[in-house]
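What the coordinates show
As a plain string of letters, each chain reads:
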Amino acid sequence: MELTDERLIEMYRRMLRIRHFDEAVEKLAGRGLVPGAAHLTIGQEAEVVGACMAVRADDYMVGNHRSHGHPIGKGADLKRLMAELMGKSTGVNRGKGGSMHLADFSVGSLGESSIVGSGIPVATGAALAAQMSGDGRVSLCFFGDGASNEGAFHEALNTRR
Ligand SMILES: Cc1ncc(C[n+]2csc(CCOP(=O)(O)OP(=O)(O)O)c2C)c(N)n1
């Protein structure tokens, strides 16, 4: 994919969006307005945007336990994400998911989970579905080195059609 000036500016815009969004989350969480824990994506903006913009807008993406920024990297609407974090019915998952269970299907974001490694089989399943339907989509999955020690990682890698 060619890195035109326009595309580079959009990448930078999305990185800034992630940073400003999570700075706001930090403030709101400090005032008790974000139920539960809130793990921020601050510091990971470039990695998230670089990966999310290397795939197509309709490709799948699965985050991990610090994935507020990942749907933003995929182009999600900020208002619906923030409403979700605040437990509002206007949130992307009607306020029932919250900080560690964000999913925005409109941008291919299949979700995230507080259970380390659990997103890997989800991403693999989506990739398998894409392969079987032949629609050409790919599946992007974010996880840390800790997650690669989970059984789910090895099971997912060994999934064959
Ligand atoms: C199955 C499971 N085991 C343990 C935990 C507790 N836990 C939360 S974050 C974390 C570290 C995960 O490390 P890594 O996957 O490398 O991600 P990082 O936080 O370093 O980005 C652990 C062990 C958990 N949430 N789920």
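Our structure is the block above this text.
What comes next is a walk through the structure.

The rules we used
- Residues numbered from 1 in each chain as written.
- Predicted model: local features only at pLDDT ≥ 70, side-chain atom pairs only at ≥ 80, totals over all residues.
- Heavy atoms only, no water.
- Core = buried A, V, L, I, M, F, W, Y, C linked by side-chain atoms within 4.5 Å.
- Buried < 20%, exposed > 50% of the residue type's maximum accessible area, 1.4 Å probe, protein only.
- Helix = DSSP H or I, 4+ residues; strand = E, 2+ residues; numbered from the N terminus.
- Contact = heavy atoms within 4.5 Å.
- Pairing = 2+ DSSP bridges.
- Axes fitted to C-alpha atoms, helices over the stretch in contact; angles between N-to-C directions.
- Near = heavy atom within 4 Å.
- Polar contact = N/O pair within 3.5 Å; in protein donor to acceptor, adjacent residues only side chain to side chain.
- Areas by Shrake-Rupley, 256 points an atom, 1.4 Å probe, with all protein chains shown as cover.
- Nonpolar A, V, L, I, M, F, W, Y, C, P; charged D, E, K, R; others polar.

Our next topic: the nonpolar core. In terms of nonpolar packing, the biggest core is built from 23 residues, with F21, V25, C52, L81, M82, L85 and L140 touching the most fellow members. Of all the elements in the fold, those that place two or more residues in this core are α1 (5-30), α2 (45-52) and α4 (78-85). The element best represented in this core is α1, accounting for 5 residues. For C52, the residues in contact, after removing those within four places along its chain, are M61, H70, G73, K74, L140 and F142.

Turning next to the sheet that holds strand β1 (residues 60-62). The 3 strands lie next to each other as β2-β1-β3, forming an open sheet whose pairing is parallel. The strands lining the two open edges of the sheet, one partner per strand, are β2 (109-111) and β3 (139-141). Neighbour-to-neighbour, the strand axes of this sheet turn through a mean angle of 25 degrees, independent of strand direction. Sheet analysis places β1 next to β2, joined by 2 bridges and oriented parallel. Residue pairing for β2: V62 is matched across the bridge by G111. Together, β1, β2 and β3 form the strand contacts of helix α5 (residues 119-133), whose direction differs from that of β3 by roughly 170 degrees.

What follows is about the site of the ligand. Lining the immediate surroundings of the ligand are H65, R66, S114, I115, V116, G144, D145, G146, A147 and E150. One of the side-chain nitrogen or oxygen atoms of H65 is found 2.9 Å away from an oxygen atom of the ligand. Interatomic distance of 3.0 Å between a backbone N/O atom of A147 and an oxygen atom of the ligand. Burial of the ligand by the protein amounts to 53% of the accessible area it has alone, namely 580 Å². Residue composition of the shell around the ligand, grouped by class: 3 nonpolar, 4 polar and 3 charged.

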